[in-house]
Amino acid sequence: MTDATRFQCPNCDAQYRVVPVEAPPTPDAPLACVSCGGPLQSRDGEQALKYFRIDEKPRRARVRKG
Ligand SMILES: [Zn+2]
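Residues numbered from 1 in each chain as written. Predicted model: local features only at pLDDT ≥ 70, side-chain atom pairs only at ≥ 80, totals over all residues. Heavy atoms only, no water.

## Quick look at the environment of threonine 26
Within the fold, threonine 26 resides in the loop between strand S2 (15-22) and strand S3 (31-32). Residues threonine 26 and glutamate 46, spaced 20 residues apart in sequence, show a C-alpha to C-alpha distance of 9.6 Å. (Helix = DSSP H or I, 4+ residues; strand = E, 2+ residues; numbered from the N terminus.)

Structure, rendered in structure tokens:
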């Protein structure tokens, strides 16, 4: 069981899974949406937030040969 929550980028609707992690209170590099480059919240109080992009759409790049 995890504390992961969903986050949707307000700019480009990219879907993320957000996982809070214990982190020392040091300034983090600002996070940006990997899709549109928009700013993302990097901390929640004493916890740092990690974002994992969720690909809802199946990719069709993989072509099996043979
Ligand atoms: Zn975005």
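## Quick look at the sheet that holds strand S6 (residues 47-54)
One open sheet accounts for four strands, arranged S1-S2-S6-S5; its pairing is antiparallel. Lying at the two open borders of the sheet, with one neighbouring strand each, are strand S1 (5-8) and strand S5 (43-44). With eight bridges joining them, S2 and S6 adopt antiparallel strand pairing. Bridge assignment links glutamine 15 to a residue of S6, and that residue is isoleucine 54. (Pairing = 2+ DSSP bridges.)

## Concerning the pairing of S2
With four bridges joining them, S1 and S2 adopt antiparallel strand pairing. Along S2, the bridge assignment pairs glutamine 8 with glutamine 15. Between S1 and S2, which follow one another and run antiparallel, lie six residues, and aspartate 13 among them has a positive phi close to 65 degrees.

## Brief notes about the nonpolar core
In this structure, Cys9, Ala14, Tyr16, Val18, Cys33, Leu40, Leu49 and Tyr51 together form the largest nonpolar core, which totals eight residues. Elements with a contribution of two residues or more to this core: S2 and S6. With residues near it in sequence (within four places) discarded, leucine 49 still touches Val18, Val19, Pro20, Leu31, Gln41, Ser42, Arg43 and Asp44. (Core = buried A, V, L, I, M, F, W, Y, C linked by side-chain atoms within 4.5 Å. Buried < 20%, exposed > 50% of the residue type's maximum accessible area, 1.4 Å probe, protein only. Contact = heavy atoms within 4.5 Å.)

## Re the coordination of the zinc ion
Bound to the zinc ion are the protein donor atoms Cys9 (SG), Cys12 (SG), Cys33 (SG) and Cys36 (SG), situated 2.3 to 2.4 Å from the metal. The coordination sphere of the zinc ion comprises four donor atoms, whose angles at the metal cover 106 to 114 degrees; the geometry is tetrahedral. Here the donor residues for the zinc ion map to a single chain with the spacing C-x2-C-x20-C-x2-C. Pair noted here: cysteine 9 is in the loop between S1 and S2 and cysteine 36 is in the loop between S3 and strand S4 (39-40), with a separation of 27 residues, a long-range link. (Donors = N, O, S within 2.8 Å, 3.2 Å for Na, K, Ca; no water. Tetrahedral: all angles 85-135°; square planar, octahedral: opposite > 155°, others 65-115°.)

By themselves, these observations are geometric and do not establish any function.
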